[in-house]
Amino acid sequence: MDLKNRLTELKVKALGEINTVDDLKKINEIRVNLLGKKGPITEVLRGMKDLSKEERPVVGSFANKVRDELTEAIAQRREKLEIIKTARKLEKEKIDVTLPGVPVKAGQPHIIMQVIDQLEKLFLGMGYQVVDGPEIEEDHYNFEMMNLPKDHPARDMQDTFYINEQILMRTQTSPVQARTMEKHDFSKGPLKMISPGKVYRRDTDDATHSHQFHQVEGLVIDKHITMADLKGTLQSIARTLFGDEREIRLRPSYFPFTEPSVEVDVSCFKCEGKGCAVCKQTGWIEVLGAGMVHPNVLTMAGVDSEIYGGFAFGLGPDRFAMLKYGVDDIREFYLNDVRFLSQFAQKGQR
């Protein structure tokens, strides 16, 4: 039984090393050296060839027990060392949550989107719906449904980018109105909507023109709608965007899709109507076009023009932003210069 004594001594010595080691790399080395094919346990067991048949199973069983105990001790020590390592790492890398955080500068809506948001808020409060539509549009909806047949001279004023003979980049958001009129069930109530979005026209980019810009067009269809309803709506727009003291005036004009049609001027917010460079000494600034919906537009959309009528208006948020904030070049809105855009912080933001 000398082998059992040697195994017992080996176990005691190995357990001492295992329980005192303080490094994961070293505990792995101990496992390889102690339990490997060239380890001391294997070396001791080579002496079993000299034992009797009765002693061999006893010593073999004892050797397996020693191996299992050492394997378990090594596993427990490794787990403890990993916990210690993790705790040290957490202690080293911990964050003091009581310290003030690093401020992150928040962005803000683009100035044109701020103008559109103001208008949407105004009209939603008046019971309108905001309707989107495709920017790639059919000629049928973009022109013909707006009382602009193929040979109409007013088409030259809205020359745009054609994809083919029937598909184009929309020149206005009016097609959204035509599509909505076709679907609206007037037996359930009037149609009150605005349609904001990007529009495209073949134009030379300069300080006041762009081949891509924004429009917000409005439409109301119901029984007994008059010019008085239109004027009150336009007054609300002017005062929301340019201040409560603003007045408007209507001048006769022409648009194929409205009859009668008007150009809308707002009293100058720079000189209060006295005359200055902004209003060209007139005291008034032209801001948008409007009118009563042409009966042909209603009929083409399947609306009975003998029963229903309405008004429509269209404005450019880009132009409104230029007038409101004194911007003299429309291209500034699209250059993504943060120094320029950050001047127009929304209320409540810095």
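Up top you'll find the structure we're talking about.
Since the model is a prediction, treat every value here as computed from it, not as a measurement.

On to the side chain of E217. By secondary structure assignment, the location of E217 is in strand β5 (residues 212-222). Of the polar contacts made by the side chain of E217, one reaches the side chain of S174; its length is 2.4 Å. Those residues in contact with E217, other than ones at most four positions away along the chain, are Q172, T173, S174, Q177, M193, I194, S195, F313 and G314.

Right, let's get into unusual backbone geometry. Cis geometry is found at the peptide bond from E259 to P260, where omega equals 0°. Mapped onto the fold, P260 is located in strand β7 (residues 258-267). At K280, a position not held by glycine, the phi torsion is positive, near 55°. Inspection of the secondary structure puts K280 in the loop between β7 and β8 (284-293). Judged by relative accessible area, K280 falls into the exposed class, the value being 70%. Within the chain, Q281 stands out as a residue other than glycine whose phi angle is a positive 65°. Its location among the elements puts Q281 in the loop between β7 and β8.

Turning our eyes to something else, we now look at the packing of helix α2 (residues 24-35) against helix α4 (residues 55-93). With their axes 9 Å apart at the nearest point, α2 and α4 run at an angle of 170° to one another. It follows that α2 is roughly antiparallel to α4 by the angle criterion. Residue-level contacts link L24, I27, N28, R31, L34 and L35 of α2 to R67, L70, T71, I74, R77, R78, L81, E82 and K85 of α4. Class assignment for the residues of the contact of α2 with α4 results in seven nonpolar, two polar and six charged.

Take the packing of aromatic side chains next. The full count for this structure, using the stated rule, is nine aromatic pairs. Within the aromatic cluster, the residues linked to one another by ring pairs are Y325, F333, F340 and F344. Over the face of the ring belonging to Y141 we find R179, whose NZ or CZ atom lies 4.1 Å from the ring centre.

With twelve residues, α2 extends 17 Å from end C-alpha to end C-alpha; this agrees with the ideal 16 Å at 1.5 Å per step. Among all positions in α2, only I27, I30, L34 and L35 are buried. Looking down the long axis of α2, one finds its buried residues gathered within 90° of arc, a one-sided arrangement. Set apart from the buried face of α2 by more than 90 degrees, the exposed residues are K25 and N33. Between the side-chain oxygen at the start of α2 and the backbone nitrogen of K25 there is a gap of 2.8 Å, and the oxygen is on D23.

Cut-off values and rules
Residues numbered from 1 in each chain as written. Predicted model: local features only at pLDDT ≥ 70, side-chain atom pairs only at ≥ 80, totals over all residues. Heavy atoms only, no water. Helix = DSSP H or I, 4+ residues; strand = E, 2+ residues; numbered from the N terminus. Polar contact = N/O pair within 3.5 Å; in protein donor to acceptor, adjacent residues only side chain to side chain. Contact = heavy atoms within 4.5 Å. Buried < 20%, exposed > 50% of the residue type's maximum accessible area, 1.4 Å probe, protein only. Axes fitted to C-alpha atoms, helices over the stretch in contact; angles between N-to-C directions. Parallel < 35°, antiparallel > 145°, perpendicular 65-115°, else oblique. Nonpolar A, V, L, I, M, F, W, Y, C, P; charged D, E, K, R; others polar. Phe/Tyr/Trp six-rings, centres within 6.5 Å; stacked < 30°, edge-to-face > 60°. Lys NZ or Arg CZ within 6 Å of the ring centre and 35° of its normal. Expected span 1.5 Å × (residues − 1). Arc of directions from axis to C-beta.

Everything listed here is a matter of coordinates, which is why it stays silent on function.
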